[in-house]
Amino acid sequence: MRLNEAGEIARRCWEDIPHHFPFVELDAFVIMPNHVHGVIVIQGRGEKSFAPTSAPTFAPTIATTSTAQSPSRTIGSIVRGFKIGVTKWFRANTDLYSIWQRGYYEHIIRDDTELTAIREYIVGNPARWEDDENNPTLLNNRTE
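What counts, and where the lines are drawn
- Residues numbered from 1 in each chain as written.
- Predicted model: local features only at pLDDT ≥ 70, side-chain atom pairs only at ≥ 80, totals over all residues.
- Heavy atoms only, no water.
- Core = buried A, V, L, I, M, F, W, Y, C linked by side-chain atoms within 4.5 Å.
- Buried < 20%, exposed > 50% of the residue type's maximum accessible area, 1.4 Å probe, protein only.
- Helix = DSSP H or I, 4+ residues; strand = E, 2+ residues; numbered from the N terminus.
- Expected span 1.5 Å × (residues − 1).
- Bend = angle between axes of the 7 residues up to and from the residue.
- Contact = heavy atoms within 4.5 Å.
- Polar contact = N/O pair within 3.5 Å; in protein donor to acceptor, adjacent residues only side chain to side chain.
- Pairing = 2+ DSSP bridges.

S.K.: Explain the nonpolar core residue by residue, including any values.
M.R.: If you look at the biggest cluster of nonpolar residues, it comprises 22 residues, and the most contacted ones within it are Ile17, Val24, Ile40, Ile78, Phe82 and Val86. The set of elements that each furnish at least two residues to this core consists of helix H1 (5-20), strand S1 (24-31), strand S2 (35-42) and helix H2 (75-93). Per-element tally for this core: the top contributor is H2, with 7 residues. Counting residues in hydrophobic clusters, the runner-up holds 9 residues, among them Ala28, Val30, Met32 and Ile122.

Dropping the structure here:
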């Protein structure tokens, strides 16, 4: 799946997360036409803490300087920063104002087996787009 300009902005914002949250590592992720899936690894909590995150609807980014420090070490502050960044780009470059649904989905990954399964799900997500219940093409066909 090839990303458009907005998708590229979202990808860059996602990849910039560790610059704004130095205690974070990124794992598998994919930018979909109307949502994002990704695994965020939060350091400094004993063992690595893996948190797959799905941010439905579009858009990410973080603070405005590369030296910005996170006020919080939570998944919520990380996702919020990503969404803010993407939202700023959309508002400056499109006529869209509201681009995210409220909240996001998170799940703590407990072991390597679960991590492997989630990575496979994320990487395989684009191949399932044609059948995705949130694919606008399918939604439009149902209402016609």
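S.K.: Talk me through H1; I want residue IDs and the actual numbers.
M.R.: Over its 16 residues, H1 runs 22 Å from end to end, which matches the ideal 22 Å to within 8%, given 1.5 Å per residue. Of all the bends in H1, the greatest, near 25°, is centred on Trp14, and the proline Pro18 appears no more than four residues after it. Burial in H1 covers these residues: Ala6, Gly7, Ile9, Ala10, Cys13, Trp14, Ile17 and His20. Among the structural elements, S1, S2 and H2 are those in contact with the buried residues of H1. Where H1 begins, the side chain of Asn4 points an oxygen toward the backbone nitrogen of Ala6, at a separation of 3.1 Å.

S.K.: Give a detailed account of the pairing of S2, specifying residues and quantitative values.
M.R.: S2 sits mainly inside the fold: 8 of its 8 residues count as buried. Because side chains alternate across S2, one face comprises the buried residues His35, His37, Val39 and Val41, and the other comprises Val36, Gly38, Ile40 and Ile42, equally buried. The sheet contact formed by S1 and S2 spans 6 bridges and is antiparallel. For Leu26, the partnering residue across the bridge sits in S2 and is Ile40.

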